[in-house]
Structures are given as C-alpha cells and as structure tokens.
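# Coordinate analysis (summary)
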Amino acid sequence: MRDPNMLPILDLKGVSKQFELQSQRIEALRDANLQVRKGEFICLIGASGCGKSTLLRIVAGFEPTSAGQALMWGMPVQGPAPDRGMVFQDYGLFPWLTVRGNIGFGPSSRGRPAAEVRDTVERFIDLVGLQRFADAYPHQLSGGMKQRVAIARVLANDAEIVLMDEPFGALDAMTRERLQDELLDIWQRTGLTVLFVTHSIEEAIFLADRVVVMSPGPGRIESEMKIELPRPRDVMSADFNAIRRELSEKLHSHHGRKAA
C-alpha cells in the first residue's frame, strides 16, 4: 500500500538526456535530481534551453532517459500513463469533440461504463466552471476556457500528478492571473500534485510550494527554494518581492557562469 508520507510520488535520480542533432550530440540534462511529495505544487524555472520541458517530457514518459532514473511511486517510468497528465501551452484539444467529448475521451477510451463517464465528465465540468459551454467546440472557446478544458481532461483521466509546460504563456495578463487563481483552487480542492514549468519568476512564487531553479544547458537542478508565504499571496508585498529578487539573482548568476 502506498504511504505518501514515506515514498515520494516522483523521484528523479541522476537523470541525464542527450540528443543527436545533425551529427552533433546535444546534452539537454545532466544529473538532475528531484523528489516531489504527494500534493506538492512545484515550479521549475530557468532560461530557455535549460532542459525544463525535456525533464517534464521524461516524467510524462514521452522521452527515455540517457542515464539515471525517473521513478513514479518507486517504479520506473516506462512510457505515458493516465496517472501522469500533461497540459500544454497550445491546449492539445481535439477540435472535432465538444467540451464534454474532450473531457470524457480518456475514461471512454479506457472502457469505463457510459454512466461512469457521464458522471465523471459532469463533475469536472463543474470543477472548472464550464457548465454553460459543455456542448461547445474548442474553436468557440476563449484561450482561458480551452486551458480549463485541458486541465479537466487530465483530471478526468485519473491523473495523480499534473505536468504543466508553460500552460498560461500564450494568454493575456488578466486571463493568466484568473487562471492562476483557478488552478490553485482546483489544486487545493483535489489534493493533486503539480509540476509546473514557467519562465516567470512571479508566477512561480505565486503558485509554488517550492521553486526549483535550473541552470542553462546542459540543464542541472542548481537550487530550490521553499515558498512559505501564506496564500492568497500578494505580489506587491515586501516579502514577495524579496523572494523575487533572490530568485532573480540565482538565475542571473547561472547565466554569468555559463557566459564565462
């Protein structure tokens, strides 16, 4: 029986990744180590090309490691599975399915009874507040609504950990702020575990229990910071901005070492 107090839901041990590109070997990750506990909200930050998305794809099972191990509940990740749901910046919705159809796709494809699928779909439509748009198609939705459907689709597929690759990066500032609040509400109500990639230091501090800082390629996990500010967090507060300055200095120090 899984004991979340003893075993991390996710354990990265010495994870490295190399790619072959036009006869050159590209080292994307080197010896990355990270443990994530059940129910944590972790943000990964770092410059473009530092391996954040590669690390996320390894956890999702889309990419194998070149060295080291990615473990889910102590078992090696060997490919995609419903317990690890991915949310992309471009939503990844099926344009020919309605909101209901997109959310119910996973449970239906896994052979769940029709009545169970209907109940699951309605529960997650309610959770993300899209009751009025349940029969709409993706092209009829705003960007924020599409991202809510993408989150609901992952949750309906029994995900235990949600992997989010800059999910709000393409949205305008007001929609982004609203979805940050909604994501935190969903996280607190469901007890999900979230691993969230972002370029924004402010977004990371606003959302995370811990912020993990990655260095430029080959990507390494250089440091992490526990964010102990009470929620909801005030981005204008002195404490928030002190953390922002400290994280910014860490990122800039990594750039300086790389450039040297």
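Residues numbered from 1 in each chain as written. Predicted model: local features only at pLDDT ≥ 70, side-chain atom pairs only at ≥ 80, totals over all residues. Heavy atoms only, no water.

### Here we look at the sheet that holds strand 2 (residues 24-36)
Spatial strand order, 2-1-4-5: four strands in an open sheet with antiparallel pairing. Looking along the sheet, the strands with just one partner apiece sit at the ends: strand 2 and strand 5 (75-76). Two elements, strand 1 (residues 10-21) and strand 4 (residues 67-72), share five bridges in a ladder whose sense is antiparallel. Among the inter-strand pairings, leucine 10 is bridged to a residue of strand 4, identified as methionine 72. This element, helix 1 (residues 52-60), spans strand 1, strand 2 and strand 4 of the sheet and lies at about 115 degrees to strand 1. (Pairing = 2+ DSSP bridges. Helix = DSSP H or I, 4+ residues; strand = E, 2+ residues; numbered from the N terminus. Contact = heavy atoms within 4.5 Å. Axes fitted to C-alpha atoms, helices over the stretch in contact; angles between N-to-C directions.)

### As for the environment of glutamate 182
Relative to the helices and strands, glutamate 182 resides in helix 5 (residues 173-190). Residue class for glutamate 182 comes out partly exposed when judged on its relative accessible area of 24%. At 3.4 Å, the side chain of glutamate 182 forms a polar contact with the side chain of arginine 148. (Buried < 20%, exposed > 50% of the residue type's maximum accessible area, 1.4 Å probe, protein only. Polar contact = N/O pair within 3.5 Å; in protein donor to acceptor, adjacent residues only side chain to side chain.)

### Details of the pairing of strand 7 (residues 161-165)
Judged by how many residues are buried, strand 7 sits mostly within the fold: five of five residues are covered. Every second residue of strand 7 is oriented toward a common face, with Ile161, Leu163 and Asp165 on one face and Val162 and Met164 on the other, all of them buried. In this sheet, strand 7 lies alongside strand 6 (residues 84-87) in parallel orientation, the contact comprising four bridges. Looking at the pairing, glycine 85 lines up with valine 162 of strand 7. Across five bridges, strand 7 lies against strand 8 (residues 193-197) in parallel orientation. Along strand 8, the bridge assignment pairs methionine 164 with phenylalanine 196. Considered for its hand, the β-α-β crossover made up of strand 7, helix 5 and strand 8 is right-handed. (Right-handed = clockwise from strand over helix to strand, strands pointing away.)

### Let's talk about helix 2 (residues 99-109)
Taken as a whole, helix 2 has its buried residues at Val99, Asn102, Ile103, Gly104, Gly106 and Pro107. Of the surrounding elements, those touching the buried residues of helix 2 are helix 3 (114-127) and helix 4 (143-156).

### Examining the packing of aromatic side chains
By the definition in use, this model includes five aromatic pairs. Relative to tryptophan 187, the ring of phenylalanine 41 lies with its centre 5.5 Å away and its plane at 80 degrees, an arrangement referred to as edge-to-face. With phenylalanine 41 in strand 3 (residues 41-45) and tryptophan 187 in helix 5, this residue pair connects regions lying 146 residues apart in the sequence. Here tryptophan 187 falls in the buried class, since its relative accessible area comes to 9%. When the ring of phenylalanine 41 is compared with that of phenylalanine 196, the centres are 6.0 Å apart and the planes differ by 40 degrees; the resulting orientation is tilted. Residue phenylalanine 41 is found in strand 3, and its partner phenylalanine 196 is found in strand 8; the two are separated by 155 residues along the sequence. Grouping residues by exposure puts phenylalanine 41 and phenylalanine 196 together as buried. (Phe/Tyr/Trp six-rings, centres within 6.5 Å; stacked < 30°, edge-to-face > 60°.)

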